[in-house]
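Listed below, chain by chain, are the residues.
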Amino acid sequence: MKQHAQVIGARPSAVSAGVRPATDSGNATRASPKRLLLGTLEWFGNLGDFCARLVKAAVTPPYEGRELLRQMDEVGAKSLPLVALAGAAIGAVLSMHMRDSMAQFGAKSMLPTLIILSLFKETGPIITALVVSGRVGAGIGAELGSMKVTEQIEAIEASAVNPYKFLVATRVIACMLMLPLLTIVADFCGIVTGWIANALAEPMSLRFFLNEGLAQANFADLLPSTFKTVVFGFIIGVIGCFQGMNAKGGTAGVGRASTSAVVLASLFVILADVVLVRLIITLFPQ
Amino acid sequence: MTMENDNPKPAIRLQELSKSFGEQKVLDRLDLNIACGETVTVLGRSGTGKSVMLKLIMGLQKPDDGEIEINGEKIAALSLDDLNRLRKKVGFLFQQAALYDSLTVEENVAFPLRRHTRLKDDERQARVRELLARVGMEEAIEKMPGDLSGGMKKRIGLARALALDPQILLLDEPTAGLDPITASEINELICELQDERRMSSIVVTHDMRSVEKVADRVALLHEGRLVFEGTLREMTESQHPFVMKFIEESGEVR
């Protein structure tokens, strides 16, 4: 029999480098401004580390093709009705609002151009991104959050599979690929309902509406604005995955991860839009 | 069962392993060796760091201090690729089974096979059926984990842990929540694996029947340290107050 002597005297323990703390907004609001600042900086630091791991996992083989397709279906096909509906609603609203304003300036003939340019350049992309960050951001945050608290992410690691490759890279890439396509759908639906709302007030054929509208618009209006949604997709995917993978504290933690994923993704999409619009105006002057 | 301490290189070697969560010291300079082909059961009260110890061995968490060697390789020094190479040789059963709940039972068991073997679809399917048959869960192959009881999940978790023919098995309470008959079958299975493949294992358990059946050696953890290490017979004869209390309360050992 062997009985180990009790060892007295604890060593100072190094902070484990592998543990990434999640932001705890509850504590943050009560903390001093200095701690709040440090907490925010730490969050961004961890996010940067997360992105680095994600990029490394995404570019090195083997690739998770099956899972990527599943996520593209989840993000793209299943968001389609919602995005189409949102695009349609916004097209009709734009048409109704602008009609009176343009009439005051005697520029009613500009209406088709205005609706189409507005949808192409800003309304289509941002509405799509916000709808997707609500639906997909929350979904990713909740799914990965519950996988985290039920040890499924550790089980993936224990199976010698990199969770960044299997869970994170597939979701982020799916968001980046699907957002431009969804944006085009939103643009299209918006243009159609814009025409309908216009035609109800003043009969006009779709062909005339499109001819008028598209005469002033060119690819430089459509393409940069549509492709900027790749960045929005990246933001939605990364924030959703990051908040989900850092969830802790059981089901309440899953709820927090999901909510914060939506809030932060929407916020960062809008903030990134400011930068991207400035960039597009600089790079593609009219 | 015999102890096989003659192999110079232990399958698992833990040296001065420490781990804290905040103020709470979970493991405090823990030393433990598992020889090749040996099964060690780890006992201890809930919250004494038994599950944490298994996760540290898997590299799922990092120790604050101390070293872990698997087959003579120090895991702290390994790159992620090398760590994953080692992880393929280790089967891990989580306490709550941790099945992927968006995948079917079949896909769960096939998960490691799909990624680490070159089996064709029909070969992989046959292998999954064979693994599920071993744990008596063949009929659940098309079910989702959400439709299964805790005991069933555990058995499927065990099938998944065995998928890559590991040399080392880490089992976190394999018989908890199972009926006595199934628990006994799982114990039999662990014994069979030891005999067939000379698998080394650590079995964390509260089930003294399991200890009697599978253990070559017993380790008892208390307050992050090993208070006893030896055979079950030696344990029952120990005069250490905590060991005596533990055996008295478990009340099942002769």
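Just so you know, these numbers come straight off a predicted model, no measurement behind them.

Check the secondary structure of chain B and you find nine helices and 10 strands. By the compact-globule yardstick of 18 Å for 254 residues, chain B fits well, its C-alpha radius of gyration being 18 Å. By its C-alpha atoms, chain B is 55 × 45 × 40 Å across when sized along the principal axes. Each of the 254 residues in chain B was classed as buried or not, and the buried ones make up 46%.

A few words on the environment of glycine 66 of chain B. All names here are of chain B. Inspection of the secondary structure assignment puts glycine 66 in strand S4 (residues 65-70). Between the alpha carbons of glycine 66 and alanine 176 there is a distance of 30 Å; along the sequence they are 110 residues apart. Beyond its immediate stretch of four places on either side in the chain, glycine 66 contacts Gln15, Glu16, Leu17, Ser18 and Arg29.

Residues and elements named next belong to chain B. If you walk across this open sheet you meet the six strands as S6-S7-S8-S3-S9-S10, and the pairing is mixed. Only two strands of the sheet have a single neighbouring strand rather than two, namely strand S6 (90-93) and strand S10 (225-230). The mean inter-strand angle of the sheet, taken between neighbouring strand axes irrespective of direction, is 15°. Looking at chain direction, strand S3 (residues 39-44) and strand S9 (residues 217-222) are connected through five bridges and run parallel. Bridging from a neighbouring strand, leucine 43 pairs with leucine 220 of S9.

Of all hydrophobic cores here, the largest spans 141 residues; its most connected members are Ile156, Ala159, Leu170 and Leu220 of chain B. Counting residues per element, this core draws most heavily on helix H7 (residues 163-201) of chain A, at 17 residues. Not counting residues within four places of it along the chain, the set of residues in contact with isoleucine 156 of chain B comprises Ala97, Leu99, Val105, Asn108, Val109, Val135, Met137 and Ala140 of chain B.

Thresholds applied
- Residues numbered from 1 in each chain as written.
- Chains lettered and ligands numbered in written order.
- Predicted model: local features only at pLDDT ≥ 70, side-chain atom pairs only at ≥ 80, totals over all residues.
- Helix = DSSP H or I, 4+ residues; strand = E, 2+ residues; numbered from the N terminus.
- Rg over C-alpha atoms; globule rule 2.2 N^0.38 Å.
- Buried ≥ 20, exposed ≤ 12 C-beta atoms within 10 Å, placed from the backbone.
- Contact = placed C-beta atoms within 7 Å.
- Pairing = 2+ DSSP bridges.
- Axes fitted to C-alpha atoms, helices over the stretch in contact; angles between N-to-C directions.
- Core = buried A, V, L, I, M, F, W, Y, C linked by C-beta atoms within 7 Å.

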